[in-house]
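# Examining the three-dimensional arrangement
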Amino acid sequence: MNKGKLIIISAPSGAGKTTIVKYLLKCNLNLEFSISATSRKPRNNEKHGVDYYFIDNNEFKLKVNNNEFLEWEEVYEGTCYGTLLSEVNRLTDKGKNVLFDVDVKGGINIKKIFGSKALSLFIQPPSIDELRYRLEKRGTDSPDVIDKRVAKAKYEITYAGEFDYIIINDDLDKAQIETENLIRNFVDNSL
């Protein structure tokens, strides 16, 4: 059985990454979503092994010490997120192309490990002003939180050049098709 390929999608909050990922999973690209592990508690309807692999801090640290993560980061104090090697192997062993929805540093780290076996894509908003507008339009965050997300986005955008391609999401349909075409070209070409 052919091993699957790795597709990394990263973006600042509000750039449209989640919408594009949902679109890609409906395309005929043999993609399966890589489920991340987290040390935080499940929210409302979240399910272990579906939304995340929920593990406590002690188990998370043990897995880090045992080199069981492809990449991981303490995103907030006491709350870690990461990609388990066993998850990547589970999907590639089935011949699936693995779709990662990860933060910018995680995306860069995965690309460094796998090189040409991975395609890394950075979804970028057309401008910081547009990004702020999108975050405000969501109506889910306080002005303080939006300011923090915008500041983080400015920082994350400085890393865009470390990705294979940058997709400017100024038109969602166009960005989705551009992303799909880049992935289709990557998975259709042999390594």
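Residues numbered from 1 in each chain as written. Predicted model: local features only at pLDDT ≥ 70, side-chain atom pairs only at ≥ 80, totals over all residues. Heavy atoms only, no water.

### Here's the deal with the nonpolar core
Membership of the largest hydrophobic core comes to 20 residues, with the highest contact counts inside it found for Ile7, Ile9, Leu24, Leu121 and Ile183. For this core, the secondary structure elements donating two or more residues are β1 (6-10), α1 (17-26), β8 (118-124) and α7 (172-188). Of the residues forming this core, the biggest block, five residues, is contributed by α7. The contact partners of isoleucine 9, leaving out residues within four places of it in the chain, are Lys17, Val21, Leu24, Leu99, Phe100, Asp101, Val102, Leu121, Ile123, Thr179 and Ile183. (Core = buried A, V, L, I, M, F, W, Y, C linked by side-chain atoms within 4.5 Å. Buried < 20%, exposed > 50% of the residue type's maximum accessible area, 1.4 Å probe, protein only. Helix = DSSP H or I, 4+ residues; strand = E, 2+ residues; numbered from the N terminus. Contact = heavy atoms within 4.5 Å.)

### Some remarks on the pairing of strand β6 (residues 79-84)
Within β6, six of the six residues are buried, which leaves the element mostly enclosed by the surrounding structure. Residue alternation in β6 divides its side chains into two sets, Thr79, Tyr81 and Thr83 and Cys80, Gly82 and Leu84, and both sets are buried. Of the pairings in the sheet, the one linking strand β5 (residues 69-76) to β6 comprises six bridges and is antiparallel in character. Along β6, the bridge assignment pairs glutamate 73 with tyrosine 81. Linking two consecutive strands that pair antiparallel, namely β5 and β6, is a turn of two residues; a positive phi of about 80 degrees is found at glycine 78 within it. (Pairing = 2+ DSSP bridges.)

### Topic: the environment of glycine 106
Inspection of the secondary structure assignment puts glycine 106 in helix α4 (residues 104-114). Residue class for glycine 106 comes out buried when judged on its relative accessible area of 1%.

### Regarding the sheet that holds β8
Reading across the sheet, the five strands line up as β2-β7-β1-β8-β9 and stay open at both edges, with parallel pairing between neighbours. Of all strands in the sheet, those with a lone pairing partner are β2 (31-33) and β9 (165-168), marking the two edges. The average angle at which neighbouring strand axes cross in this sheet is 25 degrees, direction not considered. Pairing of β1 with strand β7 (residues 97-101), which is carried by four bridges, proceeds in the parallel orientation. Looking at the pairing, isoleucine 8 lines up with phenylalanine 100 of β7. On the sheet, α1 packs against β1, β2, β7 and β8 and is oriented at approximately 165 degrees with respect to β7. (Axes fitted to C-alpha atoms, helices over the stretch in contact; angles between N-to-C directions.)

### Structural notes on the layout of surface pockets
Roughly 1,700 Å³ of internal volume is contained in the largest pocket. Lining the largest pocket are 45 residues, and of these Lys17, Thr18, Tyr52, Asp101 and Arg149 lie nearest its centre. Counting residues per element, the ones that place at least two in the lining of the largest pocket are α1, β5, β6, α5 (128-138) and α6 (143-157). Considering every element that reaches the lining of the largest pocket, the biggest residue donor is α1, with six residues. For the lining of the largest pocket, the class distribution of residues is 14 nonpolar, 14 polar and 17 charged. Lining the second largest pocket are 10 residues, and of these Lys3, Gly4, Thr92, Phe114 and Lys117 sit closest to its centre. For the lining of the second largest pocket, the element with the most residues is helix α3 (residues 85-93), which contributes three residues. Broken down by class, the residue content of the lining of the second largest pocket amounts to four nonpolar, three polar and three charged. (1 Å grid on protein atoms, 1.4 Å probe; cavity = no way out; pocket = protein on both sides within 12 Å on 5 of 7 lines; lining within 4 Å. Points joined across faces, edges and corners; volume = space filled by probe spheres on them. Nonpolar A, V, L, I, M, F, W, Y, C, P; charged D, E, K, R; others polar.)

### A word on the pattern of salt bridges
Considering all chains together, one arrives at 15 salt bridges under this definition. Here glutamate 59 makes a salt bridge to lysine 63, at a shortest N to O gap of 3.9 Å. Highlighted residues: glutamate 59 and lysine 63, both in helix α2 (residues 57-65), separated by four residues, approximately one helical turn. Exposure remark for glutamate 59: the relative accessible area of 35% places this residue in the partly exposed category. One network of salt bridges, with partners in common, ties together Glu32, Glu87, Arg90 and Lys94. (Salt bridge = Lys/Arg side-chain N within 4 Å of Asp/Glu carboxyl O.)

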